[in-house]
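# Coordinates in review
Now for the letters of each chain:
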Amino acid sequence: MQQQVILIDQISKKYGSLDNQVVAVDNVSLTINRGEFTALVGPSGSGKTTVLNLMSGLDVPSGGKIFLAGKNISEMHGNDLSDFRRDHIGFIFQSYNLIPVLTAFENVEYILLLQNIPEEERKQRVQSILKEVGLEGREHRKPSELSGGQQQRVAVARALVSNPDIILADEPTANLDSHTGSALLDMMKELNESKKITFVFSTHDSMIMERAKRLVYLKDGKVFKDEIR
Amino acid sequence: MIAKLGFRNILRNKRRSVITCSIMGFGLAALIFADAFLMGLNKNMIESVTSSFMGDGQIHRENFLRTREIEKTINNSDALINELANHPRIEFFTKRVVGSGMLASPTDVVPVAIIGINPLDENKLSNLGQTIIKGAFLDNEVQDQIIVGEKLARFLGVDIGDKVVLTTAQAHSGNLNQELFRISGIFKMKNKDIDSSAIYLNTSKAQSLMNLNNEFHEIVFKFKNKSDVLNPPKDVLNFFSKNENIAESWKTLMPAIDAGLSLTAYSLYIGSFILFAIIALSTMNTLFMSLFERMYEFGVMKAIGTRPWFIFKLIVMEAVSLAIISIIAGVTLGALVTIITNQIGINHLTDVEYLGTTIKSSIRPEFALHQYVIYPLSIIIFALISSIYPAFNASKLNPSKAMKRD
């Protein structure tokens, strides 16, 4: 039996006042199982990023419930929610979003520091994950000294280092050239297959769609097709 | 990690950090120097007042200063003089006779204040002898000499060796008495009133002129300790205030000076407050600019699990780091300017008459511990306070909104 990581139960997200309301997500229900390599796809404004934000607790749904690792995150607030994201979710963003004043090593170590992991273990885990994403020898470079692809690899390492239940990636290849993007996706695919790490993408990049095992099509805030390959 | 992030973030926009630190650093340096300068000015003024003629304090018969009746001489003067001579906090004292009269030259006549002094004692207590610009100071043995102020001499058209007639009323009877004197010296105290209307002669001559039988109107004293000069001890003053005599410090005798010193202190407080407000607003502005620039970054930090309190501490740490850098620069600059001006002195105010006294020498800014403890601490406190609002804003950012780039 497959293990559920995320259960989304009839969530909706509405913006604006009653007489000028925009429905970004409309009654979406979805289950993501461990080890999936899923892509939320659809045109701009279809609600992909909003669903991703709701999944991670970055946004609060107007209705419905979201369970992640068995916890109802739509009812979490403050430090509880911060700690939950820190321990259970890994994020990869379109613009890499590393902390510019920290080195590659320190950016990855940052999450472990927040988790109060002892220094020795921290160093060992950061070194190991940086090696895994192919950044050995570039640990002490700042983001500005790395290429876009390398920065995104640091972001992947940061997302993976805390051993989260799921990695949420919002348009991770949008700022990369096709060669670099393809290599990054191959690396993520490899991690998914070898370590059973769960990935959920929000994208309209065909390279991701080609590699995804499941495609959830969104249009006007609704799921209109859920394709498992 | 917070310290590392805070410090590196300051170096991120060097120009802005340098400008902010300059505002705080120059402000602190200016404040330290202003305080040191005012301390030097106050010291100079107090010294000008107490060393000129006032002494650190004076004893009179009650109401003498108000009525100027020459019959109101000091009571029990022998016992009082004995007590003054043996008091552990009194360094020195001298007795004076004080009256008024008319001084006539061949060409004019003017009302004058007559002060009978003991020239030897007076020289130990005041700088009257050093203000002689022509002729010589009084001689204890020569009784028919007087010294007059420069303006008075000019007004009467007299010079050294010229004869003048002094007319005064005698005590008890009210009869007029006249005597001929020769001008032995002309002084210039750089005080308009004294230079134009005061004359000095020997005490015994003044006593005989006013028909006073070895009586005095005024005893002037100096304290042994400088701290007693700045804050005259009430117990000492009370001790000598008896038998209808009253002992008063320079603060009471020249209230304008004391009020003036308080005013300069208040001016400094107001100036400090304005400066600290500017520093606080400037720090807040810098932090907000930095916050808006890094909105996306804070959004990401919150998204990946950073607690709000961590972000709050990070912003506060950045403000405190800015303050510490500014303090190092400000204290160094302030101390340097104070050292230099203390060594060379500030001469621009010399001979300026202010609050009834004349600034006699160059002003030397003074060091004080509070300049290097209270002001820097205040900078840190103001920086801390000014960082609270931006820090609170950053800590409460909604990550999904903060990460929207459009």
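Residues numbered from 1 in each chain as written. Chains lettered and ligands numbered in written order. Predicted model: local features only at pLDDT ≥ 70, side-chain atom pairs only at ≥ 80, totals over all residues.

### Some remarks on the overall build of chain B
For the record, the criterion: Every helix listed is a DSSP run of H or I at least four residues long, and every strand listed is a run of E at least two residues long, numbered separately from the N terminus. It is over C-alpha atoms that the radius of gyration is taken, and the globule rule equals 2.2 Å times the number of residues to the power 0.38. Between the buried cut of 20 or more and the exposed cut of 12 or fewer other C-beta atoms within 10 Å of a residue's own C-beta lies the partly exposed class, and all C-beta atoms are placed from the backbone. Residues are treated as contacting if the C-beta atoms built from their backbones sit within 7 Å of each other.
A count of helices and strands for chain B gives 16 helices and 12 strands. The C-alpha atoms of chain B give a radius of gyration of 32 Å, which is well past the 22 Å a tight globule of 406 residues would have. Each of the 406 residues in chain B was classed as buried or not, and the buried ones make up 40%. Partitioning the contacts of chain B with sequence separation of at least 6, the portion at a separation of at least 24 is 81%.

### Re the nonpolar core
Inclusion rule: Put simply, a nonpolar core is buried Ala, Val, Leu, Ile, Met, Phe, Trp, Tyr and Cys residues tied into one set by C-beta atoms within 7 Å. Domain extents, as shown, originate in an automatic or database domain assignment.
Within the largest apolar cluster, 162 residues are counted, with the highest numbers of intra-cluster contacts made by Ala157 of chain A together with Ile199 and Tyr200 of chain B. Broken down by element, this core gets its largest block of residues, 16 residues, from helix α2 (residues 14–54) of chain B. Structurally, this core is a two-domain feature, drawing no fewer than three residues from each of domain 1 (2–49 + 258–402) and domain 2 (57–231) of chain B. Look past the residues within four positions of alanine 157 of chain A in its chain and what remains in contact with it is Val108, Ile129, Leu130, Val133 and Leu135 of chain A.

### Overview of the packing of α2 of chain B against helix α15 (residues 369–395) of chain B
Residue and element names in this part refer to chain B. This is how it is decided: Note on method: axes are straight lines fitted to C-alpha atoms, helices fitted across the in-contact stretch only, with angles between N-to-C directions ranging 0 to 180 degrees. The hand of a helix crossing depends on one turn: near helix anticlockwise from the far one by less than a right angle means left-handed, and clockwise means right-handed. Amino acids are sorted into nonpolar (Ala, Val, Leu, Ile, Met, Phe, Trp, Tyr, Cys and Pro), charged (Asp, Glu, Lys and Arg) and polar (every other residue, Gly among them).
One way to put it is that α2 packs onto α15 with a least axis distance of 10 Å and a crossing angle of 145 degrees. In terms of crossing hand, the pair formed by α2 and α15 is right-handed. Of the residues in α15, those in contact with Met24, Leu28, Leu31, Ile32, Asp35 and Ala36 of α2 are Gln371, Tyr375, Pro376 and Ile379. Classifying every residue of the contact of α2 with α15 by side-chain character gives 8 nonpolar, 1 polar and 1 charged.

### Concerning helix α14 (residues 308–344) of chain B
For clarity, the threshold we go by: A helix is expected to span 1.5 Å multiplied by its residue count minus one.
The end-to-end C-alpha separation of α14 of chain B is 54 Å, in line with the 54 Å expected for 37 residues at 1.5 Å each. Just past α14 of chain B, the residue glycine 345 of chain B takes up positive phi, approximately 75 degrees.

### A few points about the domain arrangement of chain B
Residues and elements named next belong to chain B. Assigned domains of chain B: these are domain 1 (2–49 + 258–402) and domain 2 (57–231). Here domain 1 and domain 2 have C-alpha centroids that lie 52 Å from each other. Every contact between the two is made by 4 residues of domain 1 and, on the other side, 5 residues of domain 2.

### Notes on the sheet that holds strand β2 (residues 22–33) of chain A
Heads up, the condition is: In this scheme, strands are said to pair when DSSP sees at least two bridges between them.
The strand order across the open sheet formed by 4 strands is β2-β1-β4-β5 (chain A), and the pairing between neighbours is antiparallel. Pairing within the sheet leaves two strands with one partner each, and these edge strands are β2 and β5 (71–72) of chain A.

### Considerations on the interface of chain B and chain A
Between chain B and chain A, the contact holds 16 residues from the first and 17 residues from the second. For the side of chain B that touches chain A, the secondary structure elements donating two or more residues are α1 (2–12), α13 (295–303) and α16 (399–402) of chain B. Considering only residue class, the side of chain B that touches chain A consists of 7 nonpolar, 4 polar and 5 charged.

### Section: the confidence of the model for chain B
Going by this rule: For every residue, the pLDDT score states the predictor's confidence, bounded by 0 at the bottom and 100 at the top.
In this model, chain B carries a mean pLDDT of 88, and residues with pLDDT of at least 70 account for 99%. On the interface metric, ipTM, the complex scores 0.87, and its pTM is 0.73.

### Things to note about the environment of leucine 166 of chain B
Here leucine 166 of chain B is to be found in strand β6 (residues 163–169). Classification of leucine 166 of chain B as buried rests on a count of 21 C-beta atoms within 10 Å.

### Observations concerning helix α1 (residues 48–56) of chain A
Residue and element names in this part refer to chain A. Extensive coverage of α1 is indicated by the burial of 9 of its 9 residues. Looking only at α1, the buried set comprises Lys48, Thr49, Thr50, Val51, Leu52, Asn53, Leu54, Met55 and Ser56. The first or second residue beyond α1 is glycine 57, which carries a positive phi of 80 degrees.

### Thoughts on unusual backbone geometry
Phi at glutamate 171 of chain A is positive, roughly 45 degrees, even though this residue is not glycine. Position of glutamate 171 of chain A among the secondary structure elements: in the loop between β7 (166–170) and α6 (178–195). We classify glutamate 171 of chain A as partly exposed; it has 19 C-beta atoms within 10 Å. Of note, the phi angle at asparagine 76 of chain B is positive, near 45 degrees, even though the residue is not glycine.

### So, the pairing of strand β3 (residues 109–117) of chain B
All names here are of chain B. Bridge count between strand β2 (residues 90–104) and β3: 8 bridges; the pairing is antiparallel. Looking at β3, one finds that methionine 102 is bridged to proline 111. With antiparallel pairing between neighbouring strands as the criterion, β2 and β3 make up a hairpin whose turn holds 4 residues. Sheet analysis places β3 next to strand β8 (residues 198–202), joined by 5 bridges and oriented parallel. Pairing of isoleucine 114 across the sheet is with isoleucine 199, part of β8.

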